[in-house]
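Structure at a glance
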Amino acid sequence: MERVPVCAIFPVMNRRQFLAASAACALAPAPGRAAALRLRAGPASVRLVPFVDGPTAMLGFNGATPGPEIRVRAGGRVSVGFENATGQPSAIHWHGIHIDNAMDGVPGLTQDAVAPGAGFAYDFAAPHPGTYWYHAHHRSWEQVAKGLYGPLIVEERDPPRVDRDITVVLDDWRLTEDGALHPSFGDRHDFSHAGRLGNYARAFFSAATVRRGDRVRLRLINAATARTFKVRIGGGEGGIVALDGMPLGQPEPVGEPVLAPPRRARRGRLGEPVLAPAQRADIVLDVAGPLVFDLLPRGQPYALGTIAAEGSNPAPAGGPVAALPPTPVPAPDPARARRLVLAMQGGAMGGRHGGDDFWAFNDRSGVGEAPWQRFARGETVRIAMRNDTAFPHGIHIHGHHFHELGPDGAPGPYRDTTLVEARQSRDVLCVFDNPGKWLIHCHTLAHQASGMKTWVEVA
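Here goes a summary of the coordinates provided. These figures come from a predicted structure and were not determined experimentally.

Cut-offs and rules
- Residues numbered from 1 in each chain as written.
- Predicted model: local features only at pLDDT ≥ 70, side-chain atom pairs only at ≥ 80, totals over all residues.
- Heavy atoms only, no water.
- Helix = DSSP H or I, 4+ residues; strand = E, 2+ residues; numbered from the N terminus.
- Buried < 20%, exposed > 50% of the residue type's maximum accessible area, 1.4 Å probe, protein only.
- Contact = heavy atoms within 4.5 Å.
- Pairing = 2+ DSSP bridges.
- Axes fitted to C-alpha atoms, helices over the stretch in contact; angles between N-to-C directions.
- Salt bridge = Lys/Arg side-chain N within 4 Å of Asp/Glu carboxyl O.
- Phe/Tyr/Trp six-rings, centres within 6.5 Å; stacked < 30°, edge-to-face > 60°.
- Lys NZ or Arg CZ within 6 Å of the ring centre and 35° of its normal.

Considerations on the overall build of the chain
Within the chain, the secondary structure is distributed over four helices and 28 strands. Put simply, the chain has 459 residues, and 57% of those count as buried. Taking contacts inside the chain between residues at least 6 apart in sequence as the whole, the part at least 24 apart equals 76%.

As for the sheet that holds strand 3 (residues 70–73)
Across the sheet, four strands lie side by side as 3-8-7-5; this open sheet has mixed pairing. The outermost strands of the open sheet, each flanked by one partner alone, are strand 3 and strand 5 (92–95). Sheet twist, expressed as the average angle between the axes of neighbouring strands with direction ignored, equals 20°. Two elements, strand 5 and strand 7 (residues 130–136), share four bridges in a ladder whose sense is antiparallel.

Remarks on the pattern of salt bridges
The final tally for this structure, using the stated rule, is 28 salt bridges. Across the pair Arg40 and Glu83 runs a salt bridge whose closest N-O atoms are separated by 3.9 Å. With Arg40 in strand 1 (residues 36–46) and Glu83 in strand 4 (residues 77–84), this residue pair connects regions lying 43 residues apart in the sequence. A salt bridge links Arg280 to Asp244, with the nearest nitrogen and oxygen atoms 3.6 Å apart. Highlighted residues: Arg280 in strand 16 (residues 280–295) and Asp244 in the loop between strand 13 (229–243) and strand 14 (246–256), separated in sequence by 36 residues. Judged on exposure class, the residue Arg280 and its partner Asp244 are both buried. Connected through salt bridges with shared partners, the residues Glu69, Arg71, Arg73, Glu155, Glu156, Asp165, Arg217, Arg219 and Asp282 form a single ionic network.

A short note on the packing of aromatic side chains
This structure, assessed with the given rule, holds 14 aromatic pairs. Between Phe82 and Tyr122, the aromatic rings sit 6.4 Å apart at their centres with planes inclined by 50°, giving tilted as the arrangement. Of this pair, Phe82 sits in strand 4 while Tyr122 sits in strand 6 (residues 119–125), placing them 40 residues apart in sequence. An identical accessibility class is assigned to Phe82 and Tyr122; each is buried. For the pair Trp173 and Phe204, a centre-to-centre distance of 5.9 Å together with 85° between the ring planes defines the contact as edge-to-face. With a gap of 31 residues between them, Trp173 in strand 9 (residues 164–173) and Phe204 in strand 10 (residues 200–205) connect regions that are remote in the sequence. Given a relative accessible area of 1%, Phe204 falls into the buried group. Across the ring face of Phe185, the terminal group of Lys146 is positioned such that the distance to the ring centre comes to 5.0 Å. Over the aromatic face of Phe185 sits the side chain of Arg196, whose NZ or CZ is 3.8 Å from the ring centroid.

Comments concerning the pairing of strand 26 (residues 425–432)
Counting buried residues in strand 26 gives six out of eight residues, a clear majority hidden from the surface. Two strands pair when backbone bridges link them, and strand 23 (residues 402–405) and strand 26 are joined in this way by two bridges, in the antiparallel orientation. Paired with His403 across the strands is Leu429, a residue of strand 26.

Regarding unusual backbone geometry
If a residue is not glycine, its phi is most likely negative; likewise, a peptide bond is most likely trans. With omega at -10°, the peptide bond leading from Thr65 into Pro66 counts as cis. Examined against the element boundaries, Pro66 turns out to sit in the loop between strand 2 (56–61) and strand 3. Unusually for a residue other than glycine, Asn62 sits at a positive phi of about 55°. Mapped onto the secondary structure, Asn62 falls in the loop between strand 2 and strand 3. A relative accessible area of 37% places Asn62 in the partly exposed class. For Asp363, which is not glycine, the phi dihedral falls at a positive 65°. Looking at where Asp363 falls in the secondary structure, it is placed in the loop between strand 19 (359–361) and strand 20 (373–375). For Asp363, a relative accessible area of 41% corresponds to the partly exposed category.

Rendered as structure tokens:
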């Protein structure tokens, strides 16, 4: 089989291609505010690459990738009739939602995989406002890479005043020269190294235009199976107001009022969001011009897409970006927290471990019959997530959020996925208050498929 470089040498796009790509990559229309809908997983043809003739054959929901944007008010219910027309077993996981365990969508743990031609009824409450998403959770290293995902937005009962609320889905793909998905799914090199990194990246937008002077809310979702996106946003400035759906106490400055020159570093640049696979960020900013999104790899910035600026807002909001209303979350008890270590092991250059696959947690690969740990409902647990490997890992805990702890042990952002760099460690503090069986895994989905997953049980 032809080997495609996994270091992601992106194609060079000129500005005309860049603008054409932005116009071509719109999110699927939202199904409205009705929370009851049908999601049919099956083949999709997507005009993914603007400088290649014809669409790319992928998978999608309701014929599109990303799938339809689902919006519901906090406290409302989401009722989805899932139909599987992929030709493979599948299931849907609702990422980041504090959900009833039976609805979590993890075959072998919370439900059986849905057979081809069969269906499943998902019905659950959406208690907390925020930016979430849904994606396949069977053969996810393949099905998500082929396009089985979509946004799930839970709106505040009293949302902040913005002129536009725009969802931005980031992804990358490994493509052949004619724009087809490269057939190297399940590649052992990907599984044992950095995952299925693509050679082409894009942003999908739920709106094509903004006005100068608009205050906009951008909901960034990293749907890639392996790539961490460091994003520069030009054409506006404001603040990051939420991470993984949960509000920050104070906005973190982000953005640029004008686009930086592509080949020169710009002094004084504001913060640039860094999103590991599955992480999200909500950003509120004031528009000064076209909103230009660049991926910042090691070399020259790479164009992800743009939202055009047309006209001017006659009554700009002005003033500083305010914090979102806090979400009620369970209060941890650090003094009585049980202390645990979750050691990430294996992979290329990672040394031996006691598991039976490329990767392991604490010398065990994959989901065994017994949980890694059992917790009493409401128990506070401090987990030292220790990365003993040569690659970064974004660790996701299903059904819960947790506080990332600073070096001094102070609680930081409240997240559902945390990025732990190679040979480093991060402590998190979690109140396990949602009963059931919950998966913990690396969201580099090739790593999950080859051993880096476990589960816990909350009584």
